[in-house]
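A look at the structure
Spelled out from the first residue to the last, the chains are:
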Amino acid sequence: MTCWYEGPLAAFDTETTGVDVETDRIVSAALVVQDAPGTRPRVTRWLVNPGVPVPAAATEVHGLTQEHLQRNGRWPAPVMYEVAQALAEQAAVGRPVVVMNAPFDLTLLDRELRRHRASSLSRWFERSPLLVLDPRVLDKHLDRYRKGRRTLAGLCAQYEVALEEAHDATADAAAALEVTRAVGRRFAARLERLSPGELHTLQAVWHAAQARGLQAWFARTGTEEIVDPAWPLRPDLPAAA
């Protein structure tokens, strides 16, 4: 039987106006689908006019200017529907979806759906659950004592995966997919008997433990930042009273 890391995988990534999942917006997204290692992937790309200013700092990261998005991007409402539908199609066929730092991208998508479609991401997976593979969580659990950053670029260097055009949604998704396959191969003895569903459940536990550890470190260093233990999607903030 083929191990999950040698079988069909998809990968999803976004570029945004910033790093606040509650207020920032998606400006581009990509879904990369690969039936087997080494085969040519199928890529779907979306470019979004977010309807809000695009900060210069964000443009410096991904290269998408407000003017370019206004001329070439589509309005968010139909795009968010299409993105959620594309992910739901992966769930329906049981294909795991790689999402690097999943709570960021998936929570942003959820908030965009709530903002523009009066919906939520979880509604799309009521019939078939989305099986997420997060290389950041996997690597941090399986190689927890390794020094160095666990950004996508850092993981690509560690697992010898080429990363071209970093901070392009398609390039980042494709690289994250290859990193995840490489993680599977390196730690095959610990992963090959796990199904994607079992691994999804375990990653939620591992991420929560990682969040508690980081929160404890912040407390020791006097950092006030709060680490959310939820994975792969952060719960919606309660409405203000």
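These lines cover the structure that appears in this document, whether it is placed above or below. (Residues numbered from 1 in each chain as written. Predicted model: local features only at pLDDT ≥ 70, side-chain atom pairs only at ≥ 80, totals over all residues. Heavy atoms only, no water.)

Some thoughts on the nonpolar core
- Phe12, Leu31, Leu87, Leu106, Leu109, Tyr159 and Val183 are the most contacted members of the largest nonpolar core, which totals 59 residues.
- Among all residues touching Leu31, those that are not within four sequence positions of it are Ala10, Ala11, Phe12, Arg42, Val43, Thr44, Trp46, Ala86, Leu87 and Gln90.
- With five residues, the next largest nonpolar core counts Val27, Val54, Ala58 and Leu64 among its residues. (Core = buried A, V, L, I, M, F, W, Y, C linked by side-chain atoms within 4.5 Å. Buried < 20%, exposed > 50% of the residue type's maximum accessible area, 1.4 Å probe, protein only. Contact = heavy atoms within 4.5 Å.)

Thoughts on the pattern of salt bridges
- Per the stated rule, a full pass over the model turns up 13 salt bridges.
- The salt bridge involving Arg95 is made with Asp35; its shortest N-O contact spans 3.8 Å. With Arg95 in the loop between α3 (76-92) and β4 (97-98) and Asp35 in the loop between β2 (26-34) and β3 (42-47), this residue pair connects regions lying 60 residues apart in the sequence.
- Under the relative-accessibility criterion, Arg95 is labelled buried at 17%.
- Classification of Asp35 by relative accessible area gives partly exposed; the value is 39%.
- Here Arg74 and Glu82 are joined by a salt bridge, their closest N and O atoms 2.7 Å apart.
- Residue class for Arg74 comes out partly exposed when judged on its relative accessible area of 34%.
- The exposure class assigned to Glu82 is partly exposed, which follows from its relative accessible area of 29%.
- In the salt-bridge network here, residues are joined through shared partners; they are Glu22, Asp110, Arg111, Arg114 and Asp236. (Salt bridge = Lys/Arg side-chain N within 4 Å of Asp/Glu carboxyl O. Helix = DSSP H or I, 4+ residues; strand = E, 2+ residues; numbered from the N terminus.)

As for α3
- Helix length check: α3 (17 residues) gives 24 Å between terminal C-alpha atoms against 24 Å at 1.5 Å per residue, within 8%.
- Listing the buried residues of α3 in full gives Pro76, Val79, Met80, Val83, Ala84, Ala86, Leu87, Ala88, Gln90 and Ala91.
- Contacts from the buried residues of α3 go to β1 (9-16), β2, β3, β4 and α4 (102-117).
- Gly94 occupies a position one or two residues after α3 and carries a positive phi of about 75°. (Expected span 1.5 Å × (residues − 1).)

Observations concerning the packing of aromatic side chains
- Enumeration over the complete set of coordinates arrives at three aromatic pairs.
- Consider the rings of Trp4 and Tyr5, whose centres lie 5.2 Å apart with planes at 90°: the pair is edge-to-face.
- Classification of Trp4 by relative accessible area gives buried; the value is 7%.
- Residue classification places Tyr5 among the buried positions, given a relative accessible area of 5%.
- Ring centres of Tyr81 and Trp124 lie 5.1 Å apart, and the angle between their planes is 75°; on these two criteria the pair is classed as edge-to-face. With Tyr81 in helix α3 and Trp124 in the loop between α4 and β5 (132-133), this pair connects stretches of sequence that are 43 residues apart.
- Tyr81 gets classed as partly exposed once you look at its relative accessible area, which sits at 35%. (Phe/Tyr/Trp six-rings, centres within 6.5 Å; stacked < 30°, edge-to-face > 60°.)

Some details on the packing of helix α5 (residues 135-142) against helix α7 (residues 169-186)
- The geometry of α5 relative to α7 is characterised by a closest axis approach of 10 Å and an angle of 30° between their N-to-C directions. Judged by the inter-axis angle, α5 sits roughly parallel to α7. In terms of crossing hand, the pair formed by α5 and α7 is left-handed. Along its contact with α5, which presents Pro135, Leu138 and Leu142, the element α7 presents Ala176, Val179, Thr180 and Val183. (Axes fitted to C-alpha atoms, helices over the stretch in contact; angles between N-to-C directions. Parallel < 35°, antiparallel > 145°, perpendicular 65-115°, else oblique. Left-handed = near helix turned anticlockwise from the far one by under 90°.)

Quick word on the side chain of Gln90
- The residue Gln90 is located in helix α3 in this model.
- Assessed through its relative accessible area of 6%, Gln90 is described here as buried.
- Of the polar contacts made by the side chain of Gln90, one reaches the side chain of Arg95; its length is 2.6 Å.
- In this structure, Gln90 is in contact with Ala10, Leu31, Val33, Arg95 and Val97, ignoring residues within four places of it in sequence. (Polar contact = N/O pair within 3.5 Å; in protein donor to acceptor, adjacent residues only side chain to side chain.)

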